[in-house]
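Chain by chain, the residues run as shown.
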Amino acid sequence: MARDSKVWRCGKYELKFDRPRIMGVLNVTPDSFSDGGEHLDTDAAIAHGLKMLDDGADIIDVGGESTRPGFTPVDPDTEAQRVLPVVKALARAGAIVSIDTRHVEVAKAAVRVGASIVNDVTGFTDPRMVDFVKDSDCGLVVMHAGEVGELERPRTHTAVQLDTSAAAFMAEKAREAEAAARALGATGKSKRAAKAKLISGMIQPLQPQLPFDAAAVGPNGDAVAPSAESPAAEPLPTSPAAESEVVALDMPQSAAVAAEPAVAGDDLASVMARSAARTGSGNRTSQLRRFTLPDSAPIMRRVMGFLSDQARALIHAGVDRERICLDPGPGFGKDANEDIVIQREMGKIASLGYPTLCAVSRKRLVGAIAGVEDAHDRDIATFGVCLGAIEQGANIVRVHDVAGFYQFLNGFWAIARPQPRRAYVALGSNKGQREENIRAARDLIAQIPMTCVSASSRIYESEPAYETRQPAFANAVVEIKTELAPLILLEELMKIEQKLGRTRGKGTRPNGPRVIDCDLLWMDNEIHGGEKLRLPHPGLGERDFVLVPLEDLMHNPARFFRYEGLDVKEPEDRVGHVVAELGTL
């Protein structure tokens with residue numbers, strides 16, 4: 001995991017996974033299950049998004065429609081009014097913004113104002129969404145939403161049956177029972193009894209199957225759900241050819257006609273309503289089992305089959321493979337037991353070769369594991385589940401408490417994953433003993449924990465930039481190797497400035513005279529936005545007093561940073577031109 005070679009291309013950004021990436025949750029909704037209404041106001045939502053960036057988030061996932069069980073669907077116009085101003089403001093601040101939506105109209109508008117990722121809870125089962133994303137360059141999160149994936153699947157691709165041996169066996173036994181009943185001239189009632197007797201004898205030792213398509217066949221052949229009063233054995237997964245042969249076993253007539261909760265005209269709402277109903281009844285787990293959790297094989301066949309099929313369909317439609325990320329969709333059409341099985345098997349999803357997202361934050365499975373009822377109190381348990389997923393190969397974790405998880409992850413990573421990374425720090429001074437200030441800053445950088453100075457440029461004199469009526473600057477760049485996260489390294493650099501006598505904040509001129517300036521310019525595989533830190537440094541490509549010293553440390557820095565996606569200006573178009581060499585560090 002420490003050297004994961006996967007890449008996720010999201011618009012103009014390219015995310016790499018030498019360490020896990022954090023996706024902060026920003027719900028601009030009145031009814032989200034854990035923070036509904038807290039960030040519905042646009043200004044409050046923007047402020048919270050910027051805070052999450054400063055707390056350590058790599059991505060901000062903005063959603064305007066709650067999709068919790070029992071949610072009320074939101075029309076695209078309302079959703080767009082909630083999210084678009086927030087997406088635009090965060091993108092302008094340099095954030096990688098994900099739009100969490102199932103509506104193609106909202107996705108189009110969000111990408112137009114700056115979103116780099118489309119996170120579709122219905123797994124791109126809407127052909128209109130596929131038509132849009134295939135002509136864009138945004139990153140995609142393909143999520144498995146339980147039953148909705150099965151309902152929508154035929155519209156975009158042909159389902160792949162991964163392993164139907166058990167289903168085929170059961171279907172064959174059902175056909176044998178049908179033939180035997182016909183040979184005996186049995187009535188319709190005795191046919192059903194003979195078939196049920198034969199099949200029930202075969203399935204007694206088997207694990208109850210999972211309700212991603214939780215339906216049984218009633219007397220008239222329609223799919224119905226068991227009632228709360230009469231729990232029934234759940235149907236085995238079957239191939240399409242065998243589906244008509246599956247019957248509801250040991251189910252009374254009254255149970256066969258019970259109605260499932262539904263929301264007319266909205267597949268996802270219907271699925272979530274059914275999920276909430278079957279989870280709340282407690283009847284699904286009332287059958288005796290020999291094991292603490294359901295068998296993982298049928299669960300993973302269903303989830304991995306859908307995710308791999310959808311990814312393949314997107315690639316066939318023209319989407320680059322490196323734009324796709326997979327999310328097994330905890331809490332969507334699944335109960336806590338099923339979600340725990342999936343989290344334990346995240347390594348199998350990661351083995352499909354796409355970046356993998358763990359989105360369990362504060363969800364029901366976390367509460368079940370930790371015994372915590374209130375969603376707000378589930379953050380610590382969330383960190384544990386996320387760490388388990390990371391160990392299984394998850395690349396991105398979606399969390400509400402960004403600051404807490406950032407601290408948790410840094411603590412774990414420092415001990416468990418030794419990983420020095422290269423970074424460049426620009427040093428500048430035009431007050432006092434300029435060259436000595438730079439040398440003192442270099443020496444203090446070398447004392448930062450888990451950090452060393454591996455190379456230093458010469459010291460150059462340059463014209464002042466931006467605010468020209470001030471003394472000339474002395475400038476240098478040092479190359480360092482560090483195991484600290486970018487925001488932690490930035491804090492250490494700010495401490496060095498303070499120690500050498502620089503003050504920042506109100507009453508100071510941001511580009512005026514200073515004893516020392518320590519700018520983090522660039523760091524291996526790091527992209528960051530926000531008010532506290534921008535990586536790569538937004539002024540890197542236009543500053544002659546940075547690019548010239550960098551020539552001492554690397555071959556052709558202009559070409560290197562252009563390849564990294566920066567706009568590097570020609571020498572005559574830069575600011576702060578170098579005019580002399582002052583010596584070595």
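About the thresholds
Residues numbered from 1 in each chain as written. Predicted model: local features only at pLDDT ≥ 70, side-chain atom pairs only at ≥ 80, totals over all residues. Heavy atoms only, no water. Helix = DSSP H or I, 4+ residues; strand = E, 2+ residues; numbered from the N terminus. Buried < 20%, exposed > 50% of the residue type's maximum accessible area, 1.4 Å probe, protein only. Areas by Shrake-Rupley, 256 points an atom, 1.4 Å probe, with all protein chains shown as cover. Core = buried A, V, L, I, M, F, W, Y, C linked by side-chain atoms within 4.5 Å. Contact = heavy atoms within 4.5 Å. Pairing = 2+ DSSP bridges. Axes fitted to C-alpha atoms, helices over the stretch in contact; angles between N-to-C directions. 1 Å grid on protein atoms, 1.4 Å probe; cavity = no way out; pocket = protein on both sides within 12 Å on 5 of 7 lines; lining within 4 Å. Points joined across faces, edges and corners; volume = space filled by probe spheres on them. Nonpolar A, V, L, I, M, F, W, Y, C, P; charged D, E, K, R; others polar. Expected span 1.5 Å × (residues − 1). Polar contact = N/O pair within 3.5 Å; in protein donor to acceptor, adjacent residues only side chain to side chain. Salt bridge = Lys/Arg side-chain N within 4 Å of Asp/Glu carboxyl O. pLDDT = per-residue confidence, 0-100.

Attention now goes to the overall build of the chain. Of the regular secondary structure elements, the chain holds 19 helices and 18 strands. By residue count, 54% of the 585 residues in the chain fall in the buried class. For the chain, the accessible surface area stands at approximately 25100 Å², while carbon and sulfur atoms represent 51% of it.

Soluble globular proteins tend to pack their nonpolar side chains together in the buried interior. In this structure, Val62 and Leu493 are the most contacted members of the largest nonpolar core, which totals 103 residues. In terms of residue count, the dominant contributor to this core is helix H10 (residues 296–317) (8 residues). Each residue touching Leu493, except ones within four places of it in the same chain, is listed here: Val425, Ile445, Ile448, Cys518 and Leu520. By size, the runner-up hydrophobic cluster in this structure holds 17 residues, among which are Ala426, Trp522, Val546 and Val568.

Okay, the sheet that holds strand E11 (residues 357–358) next. Ordered by their spatial adjacency, 8 strands build an open sheet running E10-E7-E6-E5-E4-E3-E12-E11, and the pairing between neighbours is parallel. Of all strands in the sheet, those bounded by a partner on one side alone are strand E10 (324–327) and E11. Against the sheet, helix H15 (residues 402–416) contacts strand E3 (21–27) and strand E12 (396–399), and its axis sits at roughly 170 degrees relative to E3.

In this structure, the second largest pocket encloses a volume near 850 Å³. Surrounding the second largest pocket, 31 residues form its lining, Lys12, Pro536, Glu564, Gly565 and Leu566 being those nearest its centre. For the lining of the second largest pocket, the secondary structure elements donating two or more residues are strand E2 (13–17), helix H2 (76–92), strand E17 (517–523) and helix H19 (557–563). In terms of residue count, the dominant contributor to the lining of the second largest pocket is E2 (3 residues). Looking at the lining of the second largest pocket residue by residue, the classes come out as 11 nonpolar, 7 polar and 13 charged.

Each full turn of the α-helix corresponds to 3.6 residues, which orients residues three or four apart in the same direction. With 15 residues, H15 should cover 21 Å at 1.5 Å per step; its first-to-last C-alpha distance of 20 Å lies within 8% of that length. Within H15 the residues assigned to the buried category are Val402, Phe405, Tyr406, Leu409, Asn410, Phe412 and Trp413. Elements in contact with the buried residues of H15: E3, helix H1 (42–55), helix H14 (379–392), E12 and helix H17 (486–499). Regarding H15, its N-cap is Asp401, as a side-chain oxygen of that residue lies 3.0 Å from the backbone nitrogen of Gly404 further along.

Bringing the pattern of salt bridges into the picture now. The final tally for this structure, using the stated rule, is 37 salt bridges. With a closest N to O distance of 3.0 Å, Glu436 and Arg439 form a salt bridge. Placement of both Glu436 and Arg439 in helix H16 (residues 434–445) is noted, with a separation of 3 residues, approximately one turn of the helix. Residue class for Glu436 comes out partly exposed when judged on its relative accessible area of 46%. Judged by its relative accessible area of 22%, Arg439 is partly exposed. The network of salt bridges with common partners includes Asp18, Arg21, Asp58, Arg421 and Glu526.

Residue position: Glu345 is located in the loop between helix H11 (336–344) and helix H12 (346–350). Residue Glu345 is classed as buried on the basis of its relative accessible area of 18%. Excluding its chain neighbours within four sequence positions, the residues that come into contact with Glu345 are Ser296 and Met300.

Summed over the entire model, instances satisfying the criterion amount to 3 cavities of 30 Å³ or more. Taken together, the elements giving at least two residues each to the lining of the second largest cavity come down to E3, H15 and H17. A breakdown of the residues in the lining of the second largest cavity according to their chemical character gives 7 nonpolar, 2 polar and 4 charged.

Turning next to the side chain of Thr482. Mapping Thr482 onto the fold places it in strand E16 (residues 473–482). Reaching out from Thr482, the side chain makes a polar contact with the backbone oxygen of Met450 at a distance of 3.5 Å. Within the local environment of Thr482, its side chain forms a polar contact with the side chain of Thr451, the two groups lying 2.8 Å apart.

Summary statistics for the chain give a mean pLDDT of 82 and a share of 73% for residues scoring 70 or more. Scored below 50 in pLDDT, residues 148–169 makes 43 contacts in the model with residues more than four places away or belonging to other chains. When the criterion is pLDDT under 50, residues 281–286 qualifies, and its contacts beyond four places in sequence or with other chains add up to 11 contacts.

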